[in-house]
Amino acid sequence: MRGPYERAGQRRHRRRCASISAASFSSATSRNGSTSRMQKVSGTAEWATLLERLMGSELALSTPMGRAKVVEAQDAALTPYQRTFAVHANHGSSRARGGGVLTDGERRLLAGAGLPVLHRDDELARERRLWRSVTSGADVTALYRTTSHTGTPLMPSLTVPEHDPGSELPRTRLPSWDPVSLSEVHVDACTALRTGAALAQPVAVADPDRVRRAVLAAAAESHRAGTEDVPEDHPGLRPNPWNGELTDPDVLAQIGESFGPDRVWSASQLESYGTCPFVFLVQRVLGISKRGEADEETTPLTFGGVAHDVLERFYGQLLTSPGRTFDATTSALLNDTIDDVVRDRQAAGEWMGNPVLWENTKEQIRETLHAYVSWELEYLADKGEWPVAVELAFGFDPEPSVELTGHDLTGAPGRLALRGKIDRVDRAGDGDGVVHRVLDYKSGSTPPAGGYKDGSVLQAPLYLEAIRSLGYHPEEGRYRKLKSPGRPQNGTKVTAGSDVHERALKHAFSIAKRIREGLFEPVMAPSQKWKD
């Protein structure tokens, strides 16, 4: 198995449609009035042009009940209407207007001092006020999509009141019918071209240039690595100016300055390149990231962060109590630790999610950690293991970084300066037989075992070498899922000195050199999948 920068393989990236939040919905409002004259159009291209022109101004629709006026929610908020239809009241894509150099916590402090600075709570409160204003009439219908045109399930906004689920369309792939959006028109046109329908009769498209680009991109995608018609020795698979290779001397000099031999690396940085070199270029070299959203719920990062902090403090208190069981005293200690972590994060101004939803999420964290710790204490006692270090940090001031040496994939000598924090180090055995095992908690899924061979999973192998430099006796690196403890083969293990361990280290020593050479192929590691 080869890494993303040495194999002939490429995964297709499928984009998903995002829903629209309650604050972004359009409001079609109806009241008695004269009807407007219909304008005849011929063909989808003319219809798209007309619709775009109408939407650029004020749009009115004729209905059997009278004249319906289509306006944005902000414009409809202070005007009473006989009937109101709130359209696109979907949940999940509200964007806060904050950002910039200030964090949300800093914005809260400035707002508390009397400065007119917006923060997340302001944005959410604004959305709720807007919803109440627009839907305060006597006759209101809230409309939302239960699925995107690709079949992705969508949910209504949390501001939509309780309703009969039987009135909804099922959250499955939409049935086949005439297109009802511009995106569906494009999809239908490309599908017709792909199936050969264009040979029988012309295919009508709303935007010929866009469809032409889509066809060109599809043709290029079919020639990417991993397709049946592309041999592994195809020249297009090797780095070149059209496939992620940077050659400008000034650019390479700048990259060499930022990623030179003295750079201190983290395992996550190296794994980012190992997963997809081009994504590393976008995120780590160019510093481009997608805009955040104003989430109502607690995010997976917050869930995992709270769980990690709790386990760090909890096991930190048990380092000198080997063999402890999960009795009433231990359960109470875990509950107190959870409460302390949550209290400290809230006192620091961290956004934990909607207060009502957060209370439910906090109980989920509590249940998850109780089940996990109960299982793990029994497991540790049975295996004769016990934690000897939690959140073992190296490479952060004042601690020096760890210097690793070895060979890259070509056999050339390699060197890495490494920093990081290891969730836990466990000890097993006695006397001369003492060994140490690195453990990393995962609130989601564990990494695939194939990642050791293709360079996308490097943390456990690198941490094994790091603790060797710190005086431990590394034997095994492991990942463990918090939400499903005790399941067979739970976690991806790697043994120190094994072939996969040595292979992963060769990938790590190769990465820094390839970055300085300007090689950033848009190729995904075989064990990974494209993400939005």
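The structure we're discussing is the one just above.
Now for a quick tour of the structure.

Cut-offs used in this document
Residues numbered from 1 in each chain as written. Predicted model: local features only at pLDDT ≥ 70, side-chain atom pairs only at ≥ 80, totals over all residues. Heavy atoms only, no water. Pairing = 2+ DSSP bridges. Helix = DSSP H or I, 4+ residues; strand = E, 2+ residues; numbered from the N terminus. Salt bridge = Lys/Arg side-chain N within 4 Å of Asp/Glu carboxyl O. Buried < 20%, exposed > 50% of the residue type's maximum accessible area, 1.4 Å probe, protein only. Expected span 1.5 Å × (residues − 1). Arc of directions from axis to C-beta. Core = buried A, V, L, I, M, F, W, Y, C linked by side-chain atoms within 4.5 Å. Phe/Tyr/Trp six-rings, centres within 6.5 Å; stacked < 30°, edge-to-face > 60°. Axes fitted to C-alpha atoms, helices over the stretch in contact; angles between N-to-C directions. Parallel < 35°, antiparallel > 145°, perpendicular 65-115°, else oblique. Contact = heavy atoms within 4.5 Å. Nonpolar A, V, L, I, M, F, W, Y, C, P; charged D, E, K, R; others polar.

Regarding the pairing of strand β8 (residues 402–407)
In terms of strand pairing, β8 meets strand β9 (residues 413–428) through six bridges, oriented antiparallel. Counted as the bridge partner of T405 is R415 from β9.

Some thoughts on the pattern of salt bridges
Counted according to the given criterion, the structure contains 23 salt bridges. With its nearest N and O atoms 3.6 Å apart, the salt bridge here joins R366 to E363. With R366 and E363 both in helix α12 (residues 355–383), this residue pair falls three residues apart, about one helical turn. You can call E363 partly exposed: its relative accessible area is 36%. It is possible to trace a salt-bridge network through shared partners that takes in E376, E385, R424, D426, R437, E475, E476, R478 and R480.

Some points on helix α4 (residues 120–134)
The end-to-end C-alpha separation of α4 is 22 Å, in line with the 21 Å expected for 15 residues at 1.5 Å each. Three or more residues of α4 are buried, namely R120, E123, L124, E127, L130, W131 and V134. An end-on view of α4 places all buried positions within 125° of arc, on one side of the element.

Let's talk about the environment of L416
Turning to its location among the elements, L416 is positioned in strand β9. When the C-alpha atoms of L416 and S266 are compared, they prove to be 9.8 Å apart, with 150 residues separating the residues in sequence.

Quick word on the nonpolar core
Residues W265, L270, L416, I422, L462 and I515 are the most contacted members of the largest nonpolar core, which totals 39 residues. Elements represented by at least two residues in this core include exactly α8 (267–275), α9 (277–285), β7 (385–394), β8, β9, α14 (459–469) and α15 (499–516). No other element matches the seven residues that α15 contributes to this core.

Description of the packing of aromatic side chains
Enumeration according to the criterion identifies nine aromatic pairs in this entry. Here the aromatic rings of Y273 and F280 are separated by 5.6 Å at their centres, their planes lie at 75°, and the arrangement is edge-to-face. On the numbers, 6.2 Å between centres and 45° between planes, the contact of Y372 with W375 is tilted. With Y372 and W375 both in helix α12 and three residues apart, the pair spans about one turn of that helix.

Some points on helix α5 (residues 182–195)
Taking 1.5 Å per residue as the helical rise, α5 with its 14 residues ought to reach 20 Å, and the 20 Å between its terminal C-alpha atoms agrees with that figure. Among the residues of α5, those classed as buried are E184, V185, H186, A189 and A192.

Remarks on the packing of α8 against α15
Taken N-terminus to C-terminus, the directions of α8 and α15 make an angle of 75°; their axes are 10 Å apart at the nearest point. Considered as vectors, α8 and α15 are oriented roughly perpendicular to each other. Here L270, Y273 and G274 of α8 lie close against α15, whose contacting residues are A508, I511, R514 and I515. The residue inventory of the contact of α8 with α15, partitioned by class, reads five nonpolar, one polar and one charged.

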